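Structural overview for review
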Amino acid sequence: MRKSLRKKGQLVFCCLLLIGCLSACGDSERGKVVFTTALAKDELFRIDKVSCSLQEYMLYLTNVQNRYEDAFGAQIWQVDYKGMTLGDNVKDNVLAQIARMKSVYLLALEKEVALTEREEALLAQAAKTYVSSLSKTEAEALEVTEELVLQLYKENALADKVYQQIIAQVNPEISDDEARTITVEQIYRKTVNEDKDGNKIPYSEDMKKAVLEQMEGLRQQVVDGESGFTELAGKYSEKETIRISFQKGEVDAAVEKVAFGLQTEEISPVFEAEDGYYLLKCISTFDRAETDANKLVIIEKRKNEAFRKEYDAFVEKKARKLNEKLWEQVELNQTAGVDTVSFFEVYEECVKGF
């Protein structure tokens, strides 16, 4: 039977993590790999002075593979995803994840980041815990040893430590105004058309004048109380969404400037922005819960930007080699009775004690 800790929520988290790693660094790293067979027989890739063996890769891949199968069944691997099977996509994602971890581990070595004796002891216990959870079939099929798992856990831990060291320099102070989300309703009328090739064709001056006059008339109806804003937006706006919420930097600059100058319930003048005229009604200028939540998002974005800046500069200088012949032979694990999924969870539980 599969282990009881396999949950769909954990699977989704893992999938997002892998996709995030691929989009953040996988493409750039894979694009600069030097394809070669000048590596050891079971050495899948090498980045500078660290390498990844086939055994290491299959340990990662098998744990991820089993998470998918627990949630969606073994047939999931035949699903087409962006022109390739999901199985091939996951194999690429796992390769990107390990390559990223190994690269950050190298960065930790360069910065002389080290584990404490306590951390080393916790990782050793975690490695023992994971290996003892494996059946004899699993241990033999994956060629797993405590030494192998411990090395991977140490590399992950050092990568985590250097990441935390880098992002610790980010200023965590975010003002309410910077994180503020405003909610408005909008009426929009376009002033351009598109031809069959998607090229924009501006309205003539007379057509633009007619649109402006119509928008001014709609505004006057709202101001005079003849019609409700929402009612007119539903009837006349050429935007699918009437009510929108956004932060600074998320919409056209002209819309942002007007919207953030409004008070609650205030109606804006008619103004021109990208490709059309707008009329806005402010619904809410400030929400404490949303503002606090947005502060966390902004901080995380700054942390990621700070890390990527240093990481990109570091990996750019590192030679990378992939054992192309070995990589072409890699397949999803089909060995009966190999159901392990706890490699990542055991590590996560361990580092909580750091």
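Quick note: structure is the one above.
Here goes a summary of the coordinates provided. Nothing here was measured: the structure is a model prediction, and the numbers come from that model. (Residues numbered from 1 in each chain as written. Predicted model: local features only at pLDDT ≥ 70, side-chain atom pairs only at ≥ 80, totals over all residues. Heavy atoms only, no water.)

Here the structure, examined in full by the defined rule, presents 13 aromatic pairs. With centroids separated by 5.7 Å and ring planes inclined at 15°, the aromatic side chains of Phe271 and Tyr278 adopt a geometry described as stacked. Relative accessible area serves as the criterion here: at 7%, Tyr278 is assigned to the buried category. Three or more aromatic residues joined by ring pairs make a cluster, and in this case those are Tyr60, Tyr130, Tyr153, Phe343, Phe344 and Tyr347. (Phe/Tyr/Trp six-rings, centres within 6.5 Å; stacked < 30°, edge-to-face > 60°. Buried < 20%, exposed > 50% of the residue type's maximum accessible area, 1.4 Å probe, protein only.)

For the rest of this paragraph, the subject is the nonpolar core. Within soluble globular proteins, side chains that are nonpolar generally end up buried alongside one another. Counting residues in hydrophobic clusters, the biggest one holds 62 residues, and the most contacted among them are Phe45, Tyr57, Tyr130, Val149, Tyr153 and Phe343. Residue contributions to this core peak at 12 residues, all from helix 3 (residues 86–110). Aside from chain neighbours lying at most four places away, what touches Tyr153 is Leu123, Ala126, Ala127, Tyr130, Phe343, Val346 and Tyr347. Core analysis: the second largest hydrophobic core is formed by 14 residues, Ile182, Val258, Phe271 and Ala273 among them. (Core = buried A, V, L, I, M, F, W, Y, C linked by side-chain atoms within 4.5 Å. Helix = DSSP H or I, 4+ residues; strand = E, 2+ residues; numbered from the N terminus. Contact = heavy atoms within 4.5 Å.)

The strand order across the open sheet built from 4 strands is 9-6-11-10, with neighbouring strands paired in antiparallel fashion. Looking at strand neighbours, the two that pair on one side only are strand 9 (243–246) and strand 10 (271–273), the edges of this open sheet. Averaged over all pairs of adjacent strands, the angle between their axes in this sheet comes to 50°, without regard to strand direction. In this structure, strand 10 lies alongside strand 11 (residues 276–284), joined through 3 bridges in antiparallel fashion. Paired with Phe271 across the strands is Tyr278, a residue of strand 11. The strands that helix 8 (residues 205–223) touches are strand 6 (182–190), strand 10 and strand 11; relative to strand 11, the one it contacts most, it runs at about 20°. Together, strand 6 and strand 11 form the strand contacts of helix 9 (residues 229–236), whose direction differs from that of strand 6 by roughly 40°. (Pairing = 2+ DSSP bridges. Axes fitted to C-alpha atoms, helices over the stretch in contact; angles between N-to-C directions.)

As a further point, take helix 2 (residues 54–72). Compared with the 27 Å implied by 1.5 Å per residue over 19 residues, the 26 Å span of helix 2 between its first and last C-alpha is a close match. With 16 of 19 residues buried, helix 2 is to be regarded as a mostly interior element. One or two residues past the end of helix 2 sits Gly73, with phi positive at roughly 90°. (Expected span 1.5 Å × (residues − 1).)

Tracing the chain through its elements places Ala233 in helix 9. Taking the relative accessible area as the measure of exposure, Ala233 reaches 2% and is therefore buried. For the pair Ala233 and Leu280, spaced 47 residues apart in sequence, the C-alpha to C-alpha distance is 9.7 Å. In contact with Ala233, other than residues within four places in its own chain, are Gln186, Ile187 and Ile242.

Locating Ala254 in the fold gives a position in helix 10 (residues 253–259). For Ala254, a relative accessible area of 25% puts it in the partly exposed group. When the C-alpha positions of Ala254 and Tyr278 are compared, they lie 9.6 Å apart, and in sequence the two are 24 residues distant.

With that settled, the discussion passes to the packing of helix 2 against helix 13 (residues 343–351). It is at 9 Å that the axes of helix 2 and helix 13 come closest, and there the two elements cross at 105°. On the basis of their axis angle, the class for helix 2 and helix 13 is roughly perpendicular. In this structure, helix 2 uses Leu59, Tyr60, Asn63, Val64 and Arg67 to contact helix 13, whose residues at the interface are Phe343, Phe344 and Glu345. A per-class count over the contact of helix 2 with helix 13 returns 5 nonpolar, 1 polar and 2 charged. (Parallel < 35°, antiparallel > 145°, perpendicular 65-115°, else oblique. Nonpolar A, V, L, I, M, F, W, Y, C, P; charged D, E, K, R; others polar.)

Once that is clear, we can look at the pairing of strand 3 (residues 50–53). As paired elements, strand 2 (residues 43–47) and strand 3 share 4 bridges and run antiparallel to each other. When the bridges of strand 3 are listed, Arg46 appears paired with Ser51. Joining the antiparallel neighbours strand 2 and strand 3 is a turn of 2 residues, in which Asp48 adopts a positive phi near 55°.

Of all the 5 residues making up strand 2, 4 are buried; the element is thus mostly covered by neighbouring parts of the structure. Looking at chain direction, strand 2 and strand 12 (residues 320–323) are connected through 3 bridges and run antiparallel. Counterpart to Phe45 in the pairing with strand 12 is Leu322.

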